[in-house]
Amino acid sequence: QVQLVESGGGLVPAGSSLTLSCTASGSIFSIAAVGWYRQAPGKQRELVAFATSGGTTNYADSVKGRFTISRDNAKNTVFLQMNSLKPEDTAVHYCYASIRTASSASLRDYWGQGTQVTVSS
């Protein structure tokens, strides 16, 4: 069984910074891609950022230059550093990871429970 647990959300004023963390635990053999999605009320879930195991990263246009995704492979943890936050960044943020477990040769996507980020104007 694999679990992803997120932390770091909160209520902050515009212009602030937050760092989200997501740690995977369980019978993990390897982790391929990791990333963050977000979903605002009444909107579809959208990709914010992802990082491959090889170090390639990609970002939504709306967060380029403000957000940075990073990973600590030794700790099975992925981070999202969010700077210059705007009210439109308000959403539930979800992490995901493509994981190969000790009992399966196939990659499977796992999701965190979500953490609320609210940016006041």
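Details of the structure are given in the entry above.
Residues numbered from 1 in each chain as written. Predicted model: local features only at pLDDT ≥ 70, side-chain atom pairs only at ≥ 80, totals over all residues. Heavy atoms only, no water.

Draft legend 1. Representation of unusual backbone geometry in the model. Notably, asparagine 76 is not glycine yet its phi reads approximately 50°, a positive angle. The residue asparagine 76 is located in the loop between strand 7 (67-72) and strand 8 (77-82) in this model. A positive phi angle, near 50°, is found at serine 84, a position not held by glycine. Relative accessible area serves as the criterion here: at 41%, serine 84 is assigned to the partly exposed category. (Helix = DSSP H or I, 4+ residues; strand = E, 2+ residues; numbered from the N terminus. Buried < 20%, exposed > 50% of the residue type's maximum accessible area, 1.4 Å probe, protein only.)

Draft legend 2. Broad picture of the state of the cysteines. Evaluated as defined, the whole model comprises one disulfide. Disulfide partner of cysteine 22: cysteine 95, at an S-S distance of 2.0 Å. Residues cysteine 22 and cysteine 95 are joined by a disulfide whose S-S torsion is about 45°; by sign, that bridge is right-handed. One end of the pair, cysteine 22, is in strand 3 (residues 18-26); the other, cysteine 95, is in strand 9 (residues 91-101), with 73 residues separating them in the sequence. (Disulfide = S-S within 2.5 Å.)

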